[in-house]
Amino acid sequence: MGGIGKTQITLKFTEEVSKQYYHIFWVDATDKDTISASLTGLSSIPEAKNVALDNNSESVLNWIGNL
């Protein structure tokens, strides 16, 4: 589905709702490995460090679910 404007739609949506949400996370969903790496990478942002997350995707998902 390349070239149909998915990125532009996503960027417009993010712009429209950004004032309604405190966090907006971008996750590379190319495959399972990139999803896991993206989620694990979120554990390094300051808010996640403040709650001392384990360095794995499951703990990050739990943290996001509790925001």
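If you're wondering where the values come from, they're calculated on a predicted model, not measured in any experiment.

Caption draft 1: Representation of the overall build of the protein in the model. Along the backbone of the protein there are four helices and zero strands. Starting at the N terminus, the α and β elements of the protein follow one another as α-α-α-α. The C-alpha radius of gyration computed for the protein amounts to 14 Å, which surpasses the reference 11 Å derived for 67 residues by more than 25%, pointing to a less compact arrangement than a globule. The C-alpha extent of the protein, read off along each of the three principal axes, is 40 × 30 × 15 Å. Taking all 67 residues of the protein together, the buried fraction comes to 15%. For the protein, contacts bridging at least 24 residues in sequence account for 16% of all contacts bridging at least 6. Of the roughly 5300 Å² of accessible surface on the protein, 55% is carried by carbon and sulfur atoms. The averaged location of the 8 negative side-chain charges in the protein is 7 Å from the averaged location of its 5 positive side-chain charges.

Caption draft 2: Focus on the side chain of Ser-59. Position of Ser-59 among the secondary structure elements: in helix H4 (residues 57-65). Judged by its relative accessible area of 12%, Ser-59 falls in the buried class. Setting aside residues no more than four positions away along its own chain, Ser-59 makes contact with Leu-53 and Asp-54.

Caption draft 3: Seen up close, the confidence of the model for the protein. Across the protein, the average pLDDT comes to 90, with 100% of residues at 70 or higher. Here helix H3 (residues 46-50) stands out as the least confident element of the protein, with mean pLDDT 89; helix H2 (residues 32-42) is the most confident, with 94.

Caption draft 4: The packing of H2 against H4, seen in detail. Direction vectors running N to C along H2 and H4 enclose 60°, while the axes themselves pass 8 Å from each other. With respect to H4, the element H2 is oriented oblique. By crossing handedness, the relation of H2 to H4 is classed as left-handed. Touching Ser-36, Leu-39, Thr-40 and Leu-42 of H2 are Ser-57, Val-60, Leu-61 and Ile-64, all from H4. Counted by class, the contact of H2 with H4 contains five nonpolar, three polar and no charged residues.

Analysis parameters
- Residues numbered from 1 in each chain as written.
- Predicted model: local features only at pLDDT ≥ 70, side-chain atom pairs only at ≥ 80, totals over all residues.
- Heavy atoms only, no water.
- Helix = DSSP H or I, 4+ residues; strand = E, 2+ residues; numbered from the N terminus.
- Rg over C-alpha atoms; globule rule 2.2 N^0.38 Å.
- Buried < 20%, exposed > 50% of the residue type's maximum accessible area, 1.4 Å probe, protein only.
- Contact = heavy atoms within 4.5 Å.
- Areas by Shrake-Rupley, 256 points an atom, 1.4 Å probe, with all protein chains shown as cover.
- Lys, Arg positive; Asp, Glu negative; His and termini not counted.
- Charge placed at Lys NZ, Arg CZ, Asp CG, Glu CD.
- pLDDT = per-residue confidence, 0-100.
- Axes fitted to C-alpha atoms, helices over the stretch in contact; angles between N-to-C directions.
- Parallel < 35°, antiparallel > 145°, perpendicular 65-115°, else oblique.
- Left-handed = near helix turned anticlockwise from the far one by under 90°.
- Nonpolar A, V, L, I, M, F, W, Y, C, P; charged D, E, K, R; others polar.

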